[in-house]
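Chains, contacts and geometry: an overview
So you can see what is in the structure, the chains are spelled out below.
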Amino acid sequence: MIRLGVTGTDTGVGKTLVSTVLLRLLRSRGLRVSAMKPVESGVKTHDPSSDAVRLHAAAGGDDAMEDVRPLLLAEPLAPWVATARAGSEVDLGVLDAAFARLCDGRDAVLVEGAGGLLVPITRDVAFDGLFVQWELDVVVVAGNRRGAINHTLLTVRAAHDAGLRVRGVVLNALDAEPPGIAEATNLEALAELLAPVPVLSFPWLRKPDDEAYVLDIARERGLESLLRDRTPPI
Ligand SMILES: [Mg+2]
């Protein structure tokens, strides 16, 4: 089974976009997939632009939304902070149970974190711990902008410190603008500093809803290399 945890160098860097592309690639191979956003915050339940609704659709739309997104929080904050303000705490057992149901009978499961890898879910457990417990290999989505080198190195180091495998980094273009000097040089620098972890660049999508176009670009940029059934330890 392919088990992926998608994290980002920050919030708003394209985790959900990259996740939906990876799910489409997996499904194009005929695999049975599921997707999960364990905790989402700051959106309405059926908001079509919410991460959970987008992931649910990209995975084929068969799973119960209560499993795809077991926990929806009102305030756009780290889960631990949002729940503490409401006088409660995230019940990790609820997340575990939903994850187990999503894995049942599937060839691949993809879990999107919230924000970055060390965002606290409870006082003691952040997304790195959840990914370790669920035996997920990490895909890091990095927003291609100034600062990306540092943020990406920090994220990969944190993942390795937690004992996670990092399958690769996707350096994602954040807009349609021509790249500046930082955006034009980040890929080569990160590839050298992170070797042997692969660093792949992903362009701004002109037609994000055109499935064939998106799959073509994903294959051309090598994203299928992130979807092997097993990876050697890094
Ligand atoms: Mg997202």
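Residues numbered from 1 in each chain as written. Predicted model: local features only at pLDDT ≥ 70, side-chain atom pairs only at ≥ 80, totals over all residues.

Contact pair helix α1 (residues 15-28) / helix α9 (residues 211-220): the axes reach a minimum separation of 10 Å and the direction vectors enclose 95°. Relative to α9, α1 is oriented roughly perpendicular. For the pair formed by α1 and α9, the contact residues are V21, R24, L25 and S28 on the first element and E211, V214, L215 and A218 on the second. Class assignment of the residues belonging to the contact of α1 with α9 gives a composition of five nonpolar, one polar and two charged. (Axes fitted to C-alpha atoms, helices over the stretch in contact; angles between N-to-C directions. Helix = DSSP H or I, 4+ residues; strand = E, 2+ residues; numbered from the N terminus. Parallel < 35°, antiparallel > 145°, perpendicular 65-115°, else oblique. Contact = placed C-beta atoms within 7 Å. Nonpolar A, V, L, I, M, F, W, Y, C, P; charged D, E, K, R; others polar.)

A few words on the pairing of strand β5 (residues 108-116). Of all nine residues in β5, nine are buried; the element is thus mostly enclosed. Pairing analysis gives six bridges linking strand β1 (residues 2-8) to β5, with the strands arranged parallel. Bridge pairing links I2 to A108 in β5. Here strand β2 (residues 33-36) runs beside β5; their pairing, made up of four bridges, is parallel. From the neighbouring strand, M36 faces β5, where its bridge partner is V111. (Buried ≥ 20, exposed ≤ 12 C-beta atoms within 10 Å, placed from the backbone. Pairing = 2+ DSSP bridges.)

Contact geometry of helix α7 (residues 148-161) with helix α8 (residues 181-194) gives a least axis separation of 10 Å together with a crossing angle of 30°. In this view, α7 runs roughly parallel relative to α8, as classed from their interaxial angle. As α7 runs across α8, the sense of the crossing is right-handed. Contacts between α7 and α8 involve A148, I149, T152, L153 and V156 from the former and N186, A189, L190, L193 and L194 from the latter. For the contact of α7 with α8, the per-class residue count stands at eight nonpolar, two polar and no charged. (Left-handed = near helix turned anticlockwise from the far one by under 90°.)

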